[in-house]
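Here is how the chains run, residue by residue.
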Amino acid sequence: MIEAQVMEQYAKIIPGNVPAVLHLDEVMAVVVMEDMLPLEVGRTALINGNESASFAADVGELSAKTLFYTSDFYLESPVKKNLQASLANPGMRQLTEQLVFDWPYSYHESNEFEEGMRSNVKFLSQDQRLLLEVAQLKHTFMTKSDALIHGDLHSGAIFTGEDRTVIFDTEFALFGPFGFDLGQFIANLFLNGLAFPDYKEKRFEQAKETWYAFVETFAHLWLTESNERYTKVDGFHTIIMKEIFTDLIGYTGCELVRRAISIAQIPDMNMEQDEARRMAARKNVLELGKYLIMERKNIHSLEQLSPWFQATK
């Protein structure tokens, strides 16, 4: 029900960029939605290197719109609070908290990785400095309700085609921090680049495209569509964007750690048949994830991450 309801909300904001919900039967627990053929799932397109030229920028723009139009900057406070209550989604929220913030850092039995990484994974549960930073990111996720977030915006939750980008799979949606969705998406671009060296530099450029498109779109909406009086105060927009970026970097790190070693494995990280190479890529993802979590407050632009994505790295 929540998946369908969120897609209907999105359809009002970004029509044509979500599957149309054709039928919802709450008693029979059936939802019928638009067939997306001939579009291709984003993850498959990234693995094959045939995603559309606008794929990354589209995600940034669409995210800016769905977040802004479901935030306090646009919605009247009672309207937002009622929508937030109707889409609380407590079960899926708890699962996100476990998958993203708890299990990867507790040496959980559900984690999956090569035997040669056992010490790396075990150390995650013993690194008190890292755990302190993850605790703060989890607390922000649990308490900050900026806007209606997708909640699971990885590359497998997006269709891509030459002239259309479509977001779907909104079952994890909830009200949360602005930076969460983009952090997940950018992390999946990074994952693909680190798993496939030939794509490394391109995926980094696409991450920047995503962020720049988000910034441009959000700023335009802030100036032209905001109903919050304080958006007219000099400096407030800059503060909000800094908060979003810092959260984005932290959640990118959490998604990298999660996808590297957790139960929610993805094809990008597992297609390499040579175990040594596969494990080396997984370790690189893990190290980048930890770095982003620990240094998020000192990272002020994606350009600072360029050494990680140079062809020789």
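Residues numbered from 1 in each chain as written. Predicted model: local features only at pLDDT ≥ 70, side-chain atom pairs only at ≥ 80, totals over all residues. Heavy atoms only, no water.

Asks: Outline the nonpolar core, listing residues and values.
Replies: Residues Phe101, Phe190, Trp211, Phe214 and Phe218 are the most contacted members of the largest nonpolar core, which totals 83 residues. In terms of residue count, the dominant contributor to this core is helix H10 (residues 236–261) (twelve residues). (Core = buried A, V, L, I, M, F, W, Y, C linked by side-chain atoms within 4.5 Å. Buried < 20%, exposed > 50% of the residue type's maximum accessible area, 1.4 Å probe, protein only. Helix = DSSP H or I, 4+ residues; strand = E, 2+ residues; numbered from the N terminus.)

Asks: Which residues make up the sheet that holds strand S3 (residues 40–41), and what values go with them?
Replies: An order of S3-S5-S6 is seen for the three strands of this open sheet, with the pairing classed as antiparallel. Of all strands in the sheet, those bounded by a partner on one side alone are S3 and strand S6 (164–167). Both strand S5 (residues 158–161) and S6 contribute to a ladder of four bridges, which runs antiparallel. Bridged to Gly161 within S6 is Arg164. Strand contacts of helix H3 (residues 55–68): S5 and S6, with the helix running at about 50° to S6, the strand carrying the most contacts. (Pairing = 2+ DSSP bridges. Contact = heavy atoms within 4.5 Å. Axes fitted to C-alpha atoms, helices over the stretch in contact; angles between N-to-C directions.)

Asks: Before we move on, could you go through empty space enclosed by the protein and cite the residues and values that matter?
Replies: The full count for this structure, using the stated rule, is two cavities of 30 Å³ or more. Approximately 50 Å³ is the volume attributed to the largest cavity. Taken together, Thr96, Leu99, Val100, Gly151, Asp152, Phe172, Gln184 and Arg258 make up the lining of the largest cavity. Within this model, the second largest cavity holds a volume of roughly 30 Å³. Lining the second largest cavity are Tyr10, Leu62, Ser63, Thr66, His150, Leu153, Ile167 and Asp181. In terms of residue count, H3 provides more of the lining of the second largest cavity than any other element does, three residues in total. Across the lining of the second largest cavity, the residue classes break down as four nonpolar, three polar and one charged. (1 Å grid on protein atoms, 1.4 Å probe; cavity = no way out; pocket = protein on both sides within 12 Å on 5 of 7 lines; lining within 4 Å. Points joined across faces, edges and corners; volume = space filled by probe spheres on them. Nonpolar A, V, L, I, M, F, W, Y, C, P; charged D, E, K, R; others polar.)

Asks: So what's going on with unusual backbone geometry? Residues and values would help.
Replies: A cis geometry characterises the amide bond from Leu37 onward to Pro38, with omega recorded as 10°. For Pro38, the location among the structural elements is in the loop between strand S2 (30–33) and S3. Unlike most non-glycine residues, Ala29 shows phi in positive territory, near 55°. Within the fold, Ala29 resides in the loop between strand S1 (21–25) and S2.

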